[in-house]
Amino acid sequence: MAKQLGRDQQGITLRGSAEIVAEFFSYGINSILYQRGIYPPETFTRVQKYGLTLLITTDPELKNYLNNVVEQMKEWLYKCIVQRLVVVISSIENNEVLERWQFDIECDKTAKDESAPREKSQKAIQDEIRSVIRQITATVTFLPLLETACAFDLLIYTDKDLAVPEKWEESGPQFIANSEEVRLRSFTTTIHKVNSMVAYKKDSFP
Amino acid sequence: MEDLEDNTTVFSTLRSLNNFISQRMEGVSGLATPGSSQSSLQIQYQQRVQLEEQAGQIHSKSQLLQVEREKMQMELSHKRARIELEKAANTNARNYEREADRNQELLTRIKQYQERETEAENKLKEQMEMNKSYKKSMETMSKKLQEKESKLAEANETITVLKGKISELQWNIMNQEMQMTSQDSQKQELMEQLDVQHKKWQEASQQIQTLQASQSLLAEYEQKIKDLEQKFSQQEHDALIVKNMKAELARFPKMERELRQLREENAYFREMKENNGLLKEEVEGLQRKLERYEKVQAQLVTVELENEKLLGRLKSWEKLDQSTGLNIRTPDDLSRQIVALQQRELALKEQNSTITNSARILEKARQQLQEEILRIQSQLLDEKKKREQHEALVRRLQKRVLLLTKERDGMRAILESYDSELTPSEHSPQLNRRMREAEEMVQKLHAHNTELELEVEMKILKSQENTAEQSTVITKEEVDALRLKIEELEAERSKLEEEKRSLEMKLEKLTLQGDYDPSRTKVLHFSMNPASLAKQQRKEEQQQLQEECERLRELVRVLEGGGSIPGSLEGVGNFQSPQEIAELKKQVESAELKNQRLKEVFQTKIQEFRKVCYTLTGYQIDITTENQYRLTSIYAEHQGDCLLFKASSSSGGKMQLLETEFSRTIRELIELHLLHQDSIPAFLSALTLDLFSRQTVA
């Protein structure tokens, strides 16, 4: 917390904003994996963050994968070339996409590294992030049950002219065929604005 | 060699020349004739000249040859020198390269040594720093040592002080020991006193105990007295109660009599109450009737009054007939008259309404005509205004035209003047100046012109405003037309807004679903992502399961076929725990072994038993079919002599003899033993004896 108080006095720089957003994605994706039961609950451990008790995974392979993706996201957020992050949850047996958690990112391109830091307090950003994560937890009440075994994938929408790094490849958008969408809260660091929404497959029974 | 030959030729020719000259000289000297000497001298001179020329030629040839030889030699030497130089150059180059390499090596070594130097310096510095730090620590340690020594000195001092204290304390202890002994003696005296006191206390306690016992007895007696007093008081109470009861009992029969009387009165009163109730209901009913009748009476009175009034009115109505002069005798006529009047009224009203409608239509027409008039008036005014505006425009334009023409004339004049002036002389700076002045004039005039136009427009606007107020009515038509346009435009706008809203909704829905513009964005994901890993795992699992399935199917087929389990499939059975299988196999083998051993044992035993039976009883018993037993005697005469017995019951208790060839020969025995005596053992033993006797006799 001491570091963040120090940042508070300095204001939000482009790099700082990229770090905040990447951190939010890391904890947000972990929360989604726990809430939707993609991985068994006993593989998660509790940590304190944003004034909440959040659960993050202890599986080393999964941790490694998430770290890779989040580090890459941080770089791309710093360069302002990433537009969207999508968590796709699909059934393992028939590869059908059941849920899509989409986070749109609007980047203020005028804020380069040399410009002055923006005035927004860490506490305000944390409050906004906290409300988004609480809302993610609350959406579990109306989302349909995932009965089959599921796996997840992370898709990142970037500018067309970006060079694809090693270990990454192009993929389809993985839409849901017959979906209901719900728009959730958003938060902004005055440099990056993140809008959240969730789309889920409509139940066949009314 | 040529040179030598040439030289020899040269020398030989020289020698020949010299010889010839000497000969000629001798010849000349020998002759000594003047006349011929001149010719001979000339001839000699010519010969000499020729010889000298020859010699010169030869010399020059020899020189040429020499030079050529030298040249060849030079060339050769040049070539050799070149070759050698090239070799030398190569060697030099190689040396140079080697030197360069060595140089580089040396440079690298120098660098390394420099680096090592720097490292050594750094280490030196570090060592120095460490030294310094050690020195500092040493200093601190020495300081600490000093402090500790000081502390030690202090401690020593304290030790001496303490030692003094100890000696004092020891002196105190001695004193106290003395006091202790004195106190001990005191204590002993006190102990003796204590014993005495103790004995006294014991006596006192005993007395106390006796006193307590007597006190307890006293208490008991007192309690008994109290109990007895209580009982006495209770008995007195009881006596009083008994007396009261007696008095009450005396009253009892009286009470019974009274009770009876009261019951009778009660019954009488209930009857009376019922009667009362009935009478009350009757009274109420009569009261109600009374009320009704009173009401009816009052109504009667009022009705009579009304009746009188109505009769009066009727009379007046009948009088009407006489007063109005119409043919009215009855109310029916009156009603007919009224109906007729009403019809007339209706007709009149209709006329009235038609007239009013026509009046309204005429008014509307009048208003429309008025509006038309107004519109036409407004158009007229508009036309007038436009005409005025046009006239003003025209005037302005005329003024402008005038000004422009003036300018143009001025400019033309200037130009003409310049042209006229140009031909004699060139005054270019003057010309430029005049040009500039003319331009400035023109600009000023333009500005003045625009100002004047603005003023005029303002005046016109003001005049327009003044006229606009007057012409509000006139422009109503324009306003209406404009309003219609506005409405149409607004309708279009609303439609467009709705379209925009619907498109925005669609766009929103698509972005929520995750749509994107392929020309501007692309979708990336990590190659080793959990979904693909899960798919792979599932595929592998599926493959494994399929393979297992196939193996198991083969195994099942083999087992159903009954064949031995091939070694390759035995591995399949290892899906269960191999330990159980090994145990089961062992059990199976041991069971089979047991079976086999038992079989062998049984076989031997059976054979033994049969042999024994044969030897002891003299008959070999064979089982031919299910229940038939064939007996062959040991003393049988022929091989095929046998008896057949059949078991009639399944357990073999009852046997019957069947017919065989041999049994026909021994009919008497059968009749005797089986039919008469009904004993198979007797028959068989008789048969044995008979056969034995036959055998031995035979």
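Not measured: the values here are computed from a predicted model.

Caption draft 1: Structural detail: the nonpolar core. Membership of the largest hydrophobic core comes to 61 residues, with the highest contact counts inside it found for F24(A), F25(A), W101(A), F103(A) and F152(A). For this core, the leading source of residues is helix α2 (residues 14-35) of chain A, giving 11 residues. Grouped together as the second largest cluster of nonpolar side chains are 14 residues, L669(B), L674(B), F683(B) and L691(B) included.

Caption draft 2: Summary view of a positive patch on the surface. Side chains of R251(B), K254(B), R257(B) and R260(B) sit close together on the surface and give a patch of like positive charge. With respect to the helices and strands, the residue R260(B) is situated in helix α2 (residues 34-324).

Caption draft 3: The arrangement of the packing of aromatic side chains in detail. For the structure on display, the rule yields 14 aromatic pairs over all chains. Measuring from centroid to centroid gives 5.9 Å for F24(A) and F103(A), while their planes differ by 85°, and the two rings are edge-to-face. In this pair, F24(A) is assigned in helix α2 and F103(A) in strand β4 (residues 97-107), connecting sequence segments 79 residues apart. The burial state of F24(A) is the same as that of F103(A); both residues are buried. Taken together, a centroid distance of 5.1 Å and an interplanar angle of 55° make the contact between Y635(B) and F692(B) tilted.

Caption draft 4: Representation of the sheet that holds strand β3 (residues 82-91) of chain A. Spatial strand order, β6(A)-β1(B)-β5(A)-β3(A)-β4(A)-β8(A)-β7(A): 7 strands in an open sheet with antiparallel pairing. Both outer strands of the open sheet, β6 (168-170) and β7 (179-188) of chain A, are each paired with one neighbouring strand and no more. Going across the sheet, the axis of each strand differs from the next one's by a mean of 25°, ignoring polarity. Where β3(A) lies against strand β5 (residues 150-159) of chain A, 9 bridges are found, and the strand directions are antiparallel. Each bridged residue has a counterpart across the sheet, and for V88(A) the counterpart in β5(A) is D153(A). Packed on one face of the sheet, α2(A) meets β3, β4, β5, β7 and β8 (192-201) of chain A and runs near 20° to β8(A). On the sheet, helix α3 (residues 60-79) of chain A packs against β3, β4, β5, β6 and β8 of chain A together with β1 (521-526) of chain B and is oriented at approximately 15° with respect to β5(A).

Caption draft 5: Quick peek at a nonpolar patch on the surface. Among the surface-exposed residues, L598(B), V601(B), F602(B) and I606(B) lie close enough to one another that they form a single nonpolar patch of about 380 Å² accessible area. Take L598(B): it is sitting in helix α8 (residues 578-617).

Caption draft 6: Main features of the pairing of β1(B). Of all 6 residues making up β1(B), 6 are buried, and the element is well covered by its neighbours. Of the two faces of β1(B), both are covered, the one formed by T521(B), V523(B) and H525(B) as well as the one formed by K522(B), L524(B) and F526(B). Summarising the sheet, β5(A) and β1(B) pair through 5 bridges and their orientation is antiparallel. Looking at β1(B), one finds that D159(A) is bridged to T521(B). Sheet topology note: the β6(A)/β1(B) ladder contains 3 bridges and is antiparallel. Across the sheet, residue W168(A) finds its bridge partner in β1(B), namely F526(B).

Caption draft 7: Examining the confidence of the model for chain B more closely. Residues and elements named next belong to chain B. In the predicted model, chain B carries a mean pLDDT of 87, and 91% of its residues have values of at least 70. When mean pLDDT is compared element by element in chain B, α8 scores highest at 93, while helix α7 (residues 567-570) scores lowest at 54. For this predicted complex, the interface confidence comes out at an ipTM of 0.83, alongside a pTM of 0.38.

Caption draft 8: Broad picture of the pattern of salt bridges. In the structure shown here, the tally under the stated rule is 29 salt bridges over all chains. In this structure, the salt-bridge partner of R501(B) is E497(B), at a minimum N-O distance of 3.6 Å. Of this pair, R501(B) and E497(B) both sit in helix α5 (residues 476-513), separated by 4 residues, roughly a single helical turn. Linked by salt bridges that have partners in common, K123(A), D127(A) and R130(A) make up one network.

Caption draft 9: Broad picture of α5(B). For α5(B), spanning 38 residues, the distance from its first C-alpha to its last is 54 Å, which sits close to the expected 56 Å at 1.5 Å a residue. G514(B) lies just past α5(B) and shows a positive phi near 110°.

Caption draft 10: Inspection of the interface of chain B and chain A at higher detail. Across the contact, 26 residues belong to chain B and 39 residues belong to chain A. Counting the surface chain B buries against chain A, the share from its top three residues, K522(B), L524(B) and F526(B), is 26%. The interface formed by chain B and chain A holds 3 salt bridges in total. Residues R538(B) and E93(A) are paired through a salt bridge, measuring 3.6 Å at the closest nitrogen-oxygen approach. At the junction of chain B with chain A, the criterion picks out 14 residue pairs in polar contact (both at pLDDT 80 or more).

Definitions and limits used
Residues numbered from 1 in each chain as written. Chains lettered and ligands numbered in written order. Predicted model: local features only at pLDDT ≥ 70, side-chain atom pairs only at ≥ 80, totals over all residues. Heavy atoms only, no water. Core = buried A, V, L, I, M, F, W, Y, C linked by side-chain atoms within 4.5 Å. Buried < 20%, exposed > 50% of the residue type's maximum accessible area, 1.4 Å probe, protein only. Helix = DSSP H or I, 4+ residues; strand = E, 2+ residues; numbered from the N terminus. Patch = residues over 30% accessible without salt bridge, like charges linked within 9 Å, V, L, I, M, F, W, Y side chains within 5 Å. Areas by Shrake-Rupley, 256 points an atom, 1.4 Å probe, with all protein chains shown as cover. Salt bridge = Lys/Arg side-chain N within 4 Å of Asp/Glu carboxyl O. Lys, Arg positive; Asp, Glu negative; His and termini not counted. Charge placed at Lys NZ, Arg CZ, Asp CG, Glu CD. Phe/Tyr/Trp six-rings, centres within 6.5 Å; stacked < 30°, edge-to-face > 60°. Pairing = 2+ DSSP bridges. Axes fitted to C-alpha atoms, helices over the stretch in contact; angles between N-to-C directions. Contact = heavy atoms within 4.5 Å. pLDDT = per-residue confidence, 0-100. Expected span 1.5 Å × (residues − 1). Buried area = accessible area lost by both parts, 1.4 Å probe. Polar contact = N/O pair within 3.5 Å; in protein donor to acceptor, adjacent residues only side chain to side chain.

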